[in-house]
Amino acid sequence: MSNRRNFIKKTTLGTIGLGTFLGVNGMVKPEAPFTSIMAKSKKKPLIISTWNHGLPANAETWKQLKNGKNVLDAIEAGMKIPEADPNVRSVGYGGYPDREGKVTLDACIMDHNSNCGSVSFLEGIKHPISVAKRVLQNTPHVMLSGQGALQFALAEGFKEENLLTPESKNDWEKWLEESKYKPVINIENHDTISMLVIDADGNLSGGCTTSGAAWKMHGRVGDSPIIGAGLFLDNEVGAAAATGLGEAVIRTAGSAMVVELMRQGKSPFEACKEITERIYNKHKNHKDMEYLQVGFIALNKNGEYGAYSLRSGFNYAVSDDEKGHRMEDAQFKMSWK
């Protein structure tokens, strides 16, 4: 979190003063030469996930894989780390609540056979990624939502508990003083953790989990639990996942489109960049443009990976045998101003 805090200081943005957030105009950042930003690792297994909280998640997933666990169990174990960490304010326990002071969670998981499970608008369960996996394994459905998702979780033996920490409650009460809302993304590392994995056999899997945008309307669901928006993979081609303003990703079926571009021969970086540019072009005159941030990570069947974001500040965690666990910064189109 310290690196992310340093970034926040540099961008002079705050987490709670959303009502004072001013209009953001982008400055185009010249592209670096393509050869210097395309990740060429073809090592397998390989894990890539979003944001600083992806690093401990990657480490646990890697450990599980090396101990012989199957990929979905490994992804679940890794994602449970940020879900249970009250200092990660965008995922699970300790996540920022909605306007009514309720923490609602979204998650999905998908394997190399295109089996997938998802939960949305889930309250009171610390590990939505685990519930999503049970949906995949134990139901004929892809997504369960709201009270239905909660009923299913309780029937599966999950414990209902209060996820609103004193810190998040205090922040919400401060926000209520003005109750101004703009879904400012990329603040205090506040966003989804999305994870993509290619195993030693070259099979792809992935998952997402989030508490969504702070101060959202009660009932709002973003892109993270939606297969094809927040996460998508085709084991013949590659996998992609999104972060940022979910509404923009949903409007463009973002992750599915990244995979389709890889099917057409684009590299992971090229595919992420092209869909980010598409989102920009569709939103440059949109009301959301003032605070719009989106980013993608992608991984192809060869083990090549890449990332790209609309605005600066997006980083991601990478794990492989060659270089171990590390953070990398995504190339971006525009700087926050």
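Rules of the game
Residues numbered from 1 in each chain as written. Predicted model: local features only at pLDDT ≥ 70, side-chain atom pairs only at ≥ 80, totals over all residues. Heavy atoms only, no water. Helix = DSSP H or I, 4+ residues; strand = E, 2+ residues; numbered from the N terminus. Buried < 20%, exposed > 50% of the residue type's maximum accessible area, 1.4 Å probe, protein only. Pairing = 2+ DSSP bridges. Disulfide = S-S within 2.5 Å. Expected span 1.5 Å × (residues − 1). Axes fitted to C-alpha atoms, helices over the stretch in contact; angles between N-to-C directions. Contact = heavy atoms within 4.5 Å. Core = buried A, V, L, I, M, F, W, Y, C linked by side-chain atoms within 4.5 Å. Salt bridge = Lys/Arg side-chain N within 4 Å of Asp/Glu carboxyl O. Phe/Tyr/Trp six-rings, centres within 6.5 Å; stacked < 30°, edge-to-face > 60°. Lys NZ or Arg CZ within 6 Å of the ring centre and 35° of its normal.

### Structural notes on the environment of Gly219
- Tracing the chain through its elements places Gly219 in the loop between strand E7 (204–210) and strand E8 (231–234).
- With 98 residues separating them in the primary sequence, Gly219 and Phe121 have C-alpha atoms 6.3 Å apart.

### Some words on the pairing of strand E4 (residues 116–123)
- Burial of E4 is extensive: seven of the eight residues sit out of reach of the surface.
- Of the strand pairs in this sheet, strand E3 (residues 104–110) and E4 are connected by six bridges, and their pairing is antiparallel. Bridge pairing in E4 links Cys108 to Ser118.
- Two strands pair when backbone bridges link them, and E4 and strand E5 (residues 143–145) are joined in this way by three bridges, in the parallel orientation.

### Let's talk about the state of the cysteines
- A full pass over the atoms with the stated rule returns zero disulfides.
- This cysteine, Cys116, is not joined by any disulfide, and Cys108 carries the nearest cysteine sulfur, 8.0 Å off.
- Judged by relative accessible area, which is 13%, Cys116 ranks as buried.

### Concerning helix H10 (residues 268–283)
- Under the 1.5 Å per step criterion, the end-to-end length of H10 is 23 Å for 16 residues, consistent within 8% with the ideal 22 Å.
- Within the span of H10, buried status applies to Pro268, Phe269, Ala271, Cys272, Ile275, Thr276, Glu277, Ile279 and His283.

### Concerning the sheet that holds E7
- Taken in spatial order, the eight strands of this open sheet run E5-E4-E3-E7-E6-E2-E12-E13, and their pairing is mixed. The strands lining the two open edges of the sheet, one partner per strand, are E5 and strand E13 (324–329). Neighbour to neighbour, the strand axes of the sheet diverge by 10 degrees on average, direction disregarded.
- In the packing of helix H3 (residues 54–66) onto the sheet, contacts are made with strand E2 (46–50), strand E6 (193–198), strand E12 (315–320) and E13, and the angle to E2 comes to roughly 155 degrees.
- Contacting E3, E4, E5 and E7, helix H5 (residues 128–138) crosses the sheet at an angle of about 135 degrees to E4.

### Quick look at the nonpolar core
- By size, the foremost hydrophobic cluster in this structure holds 30 residues, and its most contacted members are Val119 and Val131.
- Counting only elements with at least two residues in this core, the list comes to H3, helix H4 (71–84), E3, E4, H5, helix H6 (146–155) and E6.
- Every residue in contact with Val131, bar those within four places of it in the chain, is listed here: Val119, Leu122, Ile125, Ala149, Phe152, Ala153 and Phe158.
- Ranked by size, the runner-up nonpolar core spans 25 residues in total, among them Ala242, Val249, Val258 and Cys272.

### Examining the side chain of Glu76
- With respect to the helices, strands and loops of the structure, Glu76 is situated in helix H4.
- Not counting the four nearest positions on each side in its chain, Glu76 is found in contact with Ile129, Ser130 and Lys133.

### Details of the pattern of salt bridges
- By the definition in use, this model includes 16 salt bridges.
- Residue Lys273 is joined to Glu277 by a salt bridge in which the shortest nitrogen-to-oxygen separation is 3.6 Å. Linking Lys273 with Glu277, this pair stays in helix H10, spanning four residues, or about one helical turn.
- A network of salt bridges, in which partner residues are shared, links Asp73, Glu76 and Lys133.

### Looking at the packing of aromatic side chains
- The tally for this structure, following the rule as stated, stands at six aromatic pairs.
- Judged by centre distance (6.2 Å) and plane angle (45 degrees), the ring pair of Phe314 and Tyr316 falls under tilted. Of the two residues examined, Phe314 and Tyr316, each falls in the buried class.
- For Arg311, the ring lying beneath its charged end belongs to Trp336, and the centroid distance is 4.9 Å.
- Over the face of the ring belonging to Tyr280 we find Lys333, whose NZ or CZ atom lies 4.7 Å from the ring centre.

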